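If you want the building blocks of each chain, they are given just below.
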Amino acid sequence: MRRLTRTVAAATMATALALVSACSSGSDDADGSDVGSSLEKVTYLTSFGNFGRDSYAWVAKEKGYFKEAGFDVEIKPGQGTGAVIQTVVGGQAQFGPIDLTGGLLQLGNGDAKDFVAVAAIQQRTMAAIATVDGTGITTPKDLEGKTLADTPGSVVRNLFPTYARMAGIDYTKVKWVNGEAQTLMGTLASGSVDGIGQFVVGQPTIEAVTKKRAVLLPYSNVMQDLYGNVLITSKQYASEKPEQVKRFSEALLKGLEYALANPQEAAEILAKNAEAVVPAAAAAELQLMAGYVRSSNSGTALGTLDSGRVAKSIAILRGAGALKSDLTPDQIIDFNLAPKA
């Protein structure tokens, strides 16, 4: 009987050790610890579809930066500034990039509220009207009488009246039709519209899709001091989870830095995770974007936001009659959460 008892005990111990070994070696976590159960699930929206300019989020996920920061991130394609704000404020996503100028327009005109910017992605706006050879568009004045396509909530579309005034054209003579982020370039290629709302870094992808030389009219040519995309979250999330916001921003910016340093690899990561991606064009977008991510004000740091520059942006919009109410920089940016220069 004693021998039987010892045999059962030994078998039980061997089974327990085997289970422990399986638990410690069979996990997907890089450090072997059970961190997966403690990861916070969040949803991140890209700025506008799945293009090279947004690949840094996929890089942050692929490289484990989000996981290291304590997040299990689902990445979904965004549909422009207005839609990203609505989705984040509505709680269907926790983070996403918007064009800061577009955010100012939304907030200052009562179209959106309860969101806050916590880091800059680009230090200069990349908004532009894009077309191709053969449309007769080479200057802003040529846009009069033409038809343009964009998503309803796009900053390019919503900022267009201000751009038009400052460029000296009559925006009422330009027709806009609705489009989807991922199909705009195909719409341009079909010839059904004369131009589309786009970021300047979209040039390589436009040329890959349309097989024609792209012509771009950057908004930054007539509007200085405007930031590009900024990372936003809801005011509620920022208030309740400030440390999580900082950790997420750091992880995302780490992905941005890696993507800019390794554009081809970042493009391949994007292509692995999203449909209809042309890796060469995506890598070229990142190379073009590099010049917009840092500025003389930000130095070498990524993600910084300067109150004085934001105030200038507000003044430009007010001077152009684009804002119904006045704003201050801290109404749209939480400088306590933003990276410091």
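Just so it is clear, the model here is predicted, and its values are computed rather than measured.

Asks: What's the story with the overall build of the protein chain in this structure? I'm lost.
Replies: What the protein chain contains, in helices and strands, is 13 helices and 10 strands. Taken over 341 residues, the protein chain has a buried fraction of 52%. Residue pairs at least 24 apart in sequence account for 78% of intrachain contacts in the protein chain once pairs closer than 6 positions are excluded.

Asks: What is the right way to look at the nonpolar core in this model?
Replies: In summary, soluble globular proteins display a tendency toward joint burial of nonpolar side chains. Counting 108 residues, the largest nonpolar core has Y44, L143, F160 and F248 as its most contacted members. Here this core gets 8 residues from one element, more than from any other, and that element is helix α10 (residues 242-261). What F248 contacts, discounting residues up to four positions off in sequence, is V42, Y44, F66, F71, V73, F95 and L231.

Asks: Quick question: what am I supposed to make of helix α11 (residues 263-273) here?
Replies: Owing to its 3.6 residues per turn, the α-helix aligns residues three or four sequence positions apart on the same side. Within the span of α11, buried status applies to P263, A266, A267, I269 and L270. Take α11 and look down its axis: the buried residues cluster within an arc of 160 degrees, on one side only. In this structure, the buried side of α11 is in contact with α2 (55-62), α10 and α12 (279-293).

Asks: What should I look at first to understand the packing of aromatic side chains in this one?
Replies: Within a pair of aromatic rings, the relevant descriptors are the distance that separates the centres and the angle that separates the planes. Within this structure, the stated rule accounts for 8 aromatic pairs. Between F66 and F248 the ring centres are 4.9 Å apart and the planes differ by 15 degrees, which places this aromatic pair in the stacked class. Separated by 182 residues along the polypeptide, F66 in helix α3 (residues 65-68) and F248 in helix α10 bring together distant segments of the chain. Judged by relative accessible area, F248 falls into the buried class, the value being 0%. Centre to centre, the rings of F95 and Y237 are 5.3 Å apart; their planes meet at 80 degrees, and the pair counts as edge-to-face. Separated by 142 residues along the polypeptide, F95 in the loop between α4 (81-89) and β3 (96-99) and Y237 in helix α9 (residues 235-240) bring together distant segments of the chain. Each member of the pair F95 and Y237 is classed as buried. Connected via pairs of aromatic rings, a cluster forms that spans Y44, F66, F71, F95, Y237 and F248. It is R124 that lies over the ring of Y292; its NZ or CZ is 4.2 Å from the centre.

Asks: What is the right way to read unusual backbone geometry from this model?
Replies: Leave glycine aside and you will find that most residues have negative phi; peptide bonds, for their part, are mostly trans. Located in the positive-phi region is K211, a residue other than glycine, with phi close to 65 degrees. Note on placement: K211 falls in the loop between α8 (203-210) and β9 (214-218). A positive phi angle, near 55 degrees, is found at A276, a position not held by glycine. Considering the arrangement of structural elements, one finds A276 in the loop between α11 and α12.

Asks: Looking at this structure, how should I read the sheet that holds β9?
Replies: Paired through backbone hydrogen bonds, the strands of a sheet run either parallel or antiparallel to each other. The 5 strands are arranged β7-β6-β8-β5-β9 in an open sheet whose pairing can be described as mixed. Only two strands of the sheet have a single neighbouring strand rather than two, namely β7 (175-178) and β9. Between one strand axis and the next, the sheet turns through 35 degrees on average, direction left out of account. Pairing of strand β6 (residues 147-150) with β7 involves 4 bridges; the strand directions are parallel. Counted as the bridge partner of D150 is N178 from β7. Running over the sheet, helix α6 (residues 155-167) touches β5 (127-132), β6, β7, β8 (195-199) and β9 and is turned about 170 degrees from β7. Along the sheet, α8 contacts β5, β8 and β9; its crossing angle with β9, the most-contacted strand, is approximately 150 degrees.

Asks: Teacher, can you tell me more about the environment of V89 here?
Replies: Structurally, V89 is set in helix α4. Beyond its immediate sequence surroundings of up to four residues, V89 is in contact with K113, D114, F115 and S234.

Asks: Just to check I follow, could you spell out the confidence of the model for the protein chain for this structure?
Replies: Detailed reading of predicted coordinates is not advised where the pLDDT is low. Overall, the prediction assigns the protein chain a mean pLDDT of 89, with 88% of residues at 70 or greater. Low pLDDT, under 50, characterises residues 1-35; the stretch is placed with 8 contacts to residues that sit more than four places away or in other chains.

Asks: I keep staring at the pairing of β5 and nothing clicks. Help me out?
Replies: Consecutive residues of a regular strand have side chains that alternate between opposite faces of the sheet. For β5, the buried fraction is high: 6 of the 6 residues fall into the buried class. On β5, burial covers both faces: A127, I129 and T131 on one face and A128, A130 and V132 on the other are all buried. The sheet contact formed by β5 and β8 spans 4 bridges and is antiparallel. Among the inter-strand pairings, A127 is bridged to a residue of β8, identified as F199. Relative to β9, β5 runs antiparallel, the two being bridged by 5 bridges.

Asks: What is the right way to read the packing of α4 against helix α5 (residues 100-108) from this model?
Replies: Helices that pack against each other are described as a pair by the angle of their axes relative to one another and the distance between those axes. Interhelical geometry of α4 versus α5 gives an angle of 65 degrees and a closest axis separation of 9 Å. The angle between α4 and α5 places the two elements in the roughly perpendicular class. By crossing handedness, the relation of α4 to α5 is classed as right-handed. Here α4 contributes T81, G82 and I85 to the contact with α5, which in turn contributes G102, G103 and Q106. Of the residues contributing to the contact of α4 with α5, the split by class is 1 nonpolar, 5 polar and no charged.

How each quantity is defined
- Residues numbered from 1 in each chain as written.
- Predicted model: local features only at pLDDT ≥ 70, side-chain atom pairs only at ≥ 80, totals over all residues.
- Heavy atoms only, no water.
- Helix = DSSP H or I, 4+ residues; strand = E, 2+ residues; numbered from the N terminus.
- Buried < 20%, exposed > 50% of the residue type's maximum accessible area, 1.4 Å probe, protein only.
- Contact = heavy atoms within 4.5 Å.
- Core = buried A, V, L, I, M, F, W, Y, C linked by side-chain atoms within 4.5 Å.
- Arc of directions from axis to C-beta.
- Phe/Tyr/Trp six-rings, centres within 6.5 Å; stacked < 30°, edge-to-face > 60°.
- Lys NZ or Arg CZ within 6 Å of the ring centre and 35° of its normal.
- Pairing = 2+ DSSP bridges.
- Axes fitted to C-alpha atoms, helices over the stretch in contact; angles between N-to-C directions.
- pLDDT = per-residue confidence, 0-100.
- Parallel < 35°, antiparallel > 145°, perpendicular 65-115°, else oblique.
- Left-handed = near helix turned anticlockwise from the far one by under 90°.
- Nonpolar A, V, L, I, M, F, W, Y, C, P; charged D, E, K, R; others polar.

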